[in-house]
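# Structural description and commentary
Chain by chain, the residues run as shown.
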Amino acid sequence: MPFTPIQKLVFNQSYEGVWRIAQFSLSSDRNGNPMARLELADAFDRLPAVFFSINENNLSQKELFIPSGFAKVAFRYEEDARYGPQAKVISMQGVTLSEAGDLTQLIPALPDRRENLNALYQCGRLIQSSGLRSLVLYVLERYQSVLIDLPAAKSMHHDVLGGWVFHTLRMARLGYSLCRVYPEVNQDLLISGILLHDLGKLQEFSRDPTGMVIDYSVSGVLLSHLVIGLLMLEEILKEMKAKNLPVPSENERLALFHMIESHHGKPEYGSPITPRFREAMILHYLDQIDAKIWMFDQVQGNLDPGKLSEKAVFGLDGRVWRPE
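The structure contained in this document is the topic of the report that follows. (Residues numbered from 1 in each chain as written. Predicted model: local features only at pLDDT ≥ 70, side-chain atom pairs only at ≥ 80, totals over all residues. Heavy atoms only, no water.)

Moving on: the overall build of the chain. Looking only at helices and strands, the chain features 8 helices and 8 strands. Expressed as lengths along the three principal axes of its C-alpha atoms, the size of the chain is roughly 65 × 45 × 35 Å. Across the chain, contacts joining residues at least 24 apart in sequence account for 58% of those joining residues at least 6 apart. Put simply, the chain shows about 16,700 Å² of open surface, and 52% of that area lies on carbon and sulfur atoms. (Helix = DSSP H or I, 4+ residues; strand = E, 2+ residues; numbered from the N terminus. Contact = heavy atoms within 4.5 Å. Areas by Shrake-Rupley, 256 points an atom, 1.4 Å probe, with all protein chains shown as cover.)

Listed below in structure tokens is the structure:
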């Protein structure tokens, strides 16, 4: 049976094929029988699914897709009165990565990832401060093989291969535009902060063999990418000094550390301190703007003009509307 993307599924029709299993949680129904709630995913969408009456005949090789992986799934696509569109699973069999087939249908990945990374390098080269420029280029060079495909998040925004670079690049482009309107802004400091603010995400995530984020690492849970980024930056600066490379001044170092520490804006959002100078404040809002535009795009792209989303969207504070 040919692969059918989630966007083209038809209600009350049955399907069978290989899907990426984005989430899988075993539980019991009201009668104590084993069941599971899960998400089927392709390169563009995710579909909630429910699997009742699980037994050894209709579920096999689950170790290949827990906590993340691929499975051959038979299901019926239905409109549930309470939960909305969902797949009612009939059977699942885990498959290996090599058996999954055309991964471009199943793994969300941005095009032009190499070009986007090269554009980040160009942003680094344009920094006038020798210490900041040296640091930014050192980081990009050292981690380029990971950064090129790194998602920016587990979910919410830019949670695709290449998402980290794309998110950072769009923020940098916004930063350059803002500096033309407000020439008093320290462009070197702002762009350096933008390029390094999510450095800690290199160690915050656990990723599957395809590169997708499946969970947070232990350090990601205990420290967050803000603290991880600061610790990484300290070690990187020690390495650079040992190699007699230019490093930021003490004032620049202090400013960068504060920008990383405060870029979530408030303690309730993960930052232990609020932004205390202009460039740190700008970084926080540019991060929010680009993340939320991505989130609005994902929801509005699936709505007809003039329509509202069926449910409130987490992170966007309510239901989303697509203008005519």
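Now that the structure has been shown, the text picks up again.
Okay, helix α4 (residues 187-196) next. Structural remark: α-helix, 3.6 residues per turn; residues separated by three or four positions point the same way. Counting buried residues along α4, 9 of its 10 residues qualify, which places the element largely inside the surrounding structure. Every buried residue of α4 is listed here: Asp-188, Leu-189, Leu-190, Ile-191, Ser-192, Gly-193, Ile-194, Leu-195 and Leu-196. Where α4 is buried, its residues meet α1 (113-125), α2 (130-147), α3 (163-181), α6 (218-242), α7 (250-262) and α8 (278-300). Looking at where α4 begins, the residue whose side-chain oxygen comes 3.2 Å from the main-chain nitrogen of Asp-188 is Asn-186. (Buried < 20%, exposed > 50% of the residue type's maximum accessible area, 1.4 Å probe, protein only. Polar contact = N/O pair within 3.5 Å; in protein donor to acceptor, adjacent residues only side chain to side chain.)

Moving on, we get to the pairing of strand β8 (residues 213-216). When strand β7 (residues 205-207) meets β8, the two strands line up antiparallel, connected through 3 bridges. Within β8, the position partnered with Arg-207 by the bridge is Val-213. As consecutive antiparallel partners, β7 and β8 are separated by 5 residues, and within that stretch Gly-211 has a phi angle of approximately 100°, a positive value. (Pairing = 2+ DSSP bridges.)

Looking at the second largest pocket, its volume works out to about 950 Å³. What lines the second largest pocket is a set of 32 residues, and nearest its centre among them are Met-156, His-157, His-264, Tyr-269 and Gln-288. Mapped onto the lining of the second largest pocket, the elements with two or more residues apiece are α5 (201-204), α6 and α8. With 8 residues, α8 is the largest single contributor of residues to the lining of the second largest pocket. (1 Å grid on protein atoms, 1.4 Å probe; cavity = no way out; pocket = protein on both sides within 12 Å on 5 of 7 lines; lining within 4 Å. Points joined across faces, edges and corners; volume = space filled by probe spheres on them.)

Quick look at α1 now. Under the 1.5 Å per step criterion, the end-to-end length of α1 is 19 Å for 13 residues, consistent within 8% with the ideal 18 Å. Within the sequence span of α1, burial applies to Asn-116, Leu-117, Ala-119, Leu-120, Tyr-121, Cys-123 and Gly-124. Those residues of α1 that are buried lie in contact with α2, α3 and α4. (Expected span 1.5 Å × (residues − 1).)

Looking now at a nonpolar patch on the surface. Judged by side-chain polarity, Tyr-216, Val-218, Val-221, Leu-222, Leu-223, Val-227 and Leu-231 come together as a nonpolar surface patch covering roughly 660 Å² of accessible area. For the nonpolar patch, the leading source of residues is α6, giving 6 residues. Among the structural elements, Leu-223 can be located in helix α6. Look at Leu-223 and you get partly exposed, because its relative accessible area is 36%. (Patch = residues over 30% accessible without salt bridge, like charges linked within 9 Å, V, L, I, M, F, W, Y side chains within 5 Å. Salt bridge = Lys/Arg side-chain N within 4 Å of Asp/Glu carboxyl O.)

The next thing to look at is the packing of aromatic side chains. According to the stated counting rule, one finds 7 aromatic pairs in the structure shown. Ring geometry for Phe-24 against Phe-65: centres 5.2 Å apart, planes inclined by 65°, an arrangement best described as edge-to-face. One end of the pair, Phe-24, is in strand β1 (residues 13-28); the other, Phe-65, is in the loop between β4 (59-60) and β5 (69-80), with 41 residues separating them in the sequence. The exposure class assigned to Phe-24 is buried, which follows from its relative accessible area of 13%. (Phe/Tyr/Trp six-rings, centres within 6.5 Å; stacked < 30°, edge-to-face > 60°.)

Notably, Asn-12 is not glycine yet its phi reads approximately 65°, a positive angle. With respect to the helices, strands and loops of the structure, Asn-12 is situated in the segment before β1. We note that Asp-112 has phi near 60°; this positive angle belongs to a residue other than glycine. Looking at the element boundaries, Asp-112 is found in the loop between β6 (84-95) and α1. You can call Asp-112 partly exposed: its relative accessible area is 48%.

Turning to the pattern of salt bridges, a few remarks are in order. Considering all chains together, one arrives at 10 salt bridges under this definition. A salt bridge links Arg-253 to Glu-234; the nearest nitrogen and oxygen atoms lie 3.7 Å apart. Linking Arg-253 in helix α7 with Glu-234 in helix α6, this pair joins segments that are 19 residues apart in sequence. Residue Glu-235 is joined to Lys-238 by a salt bridge in which the shortest nitrogen-to-oxygen separation is 3.6 Å. Residue Glu-235 and its partner Lys-238 are located together in helix α6, separated by 3 residues, close to a single helical turn. Taken together, the shared-partner salt bridges in this structure form one network comprising Glu-234, Glu-250 and Arg-253.

On to the environment of Phe-44. By the element assignment, Phe-44 lies in the loop between β2 (34-41) and β3 (46-51). For Phe-44, a relative accessible area of 67% gives the class exposed. The spacing of Phe-44 and Pro-5 is 39 residues in sequence and 8.2 Å in space, taken between C-alpha atoms.

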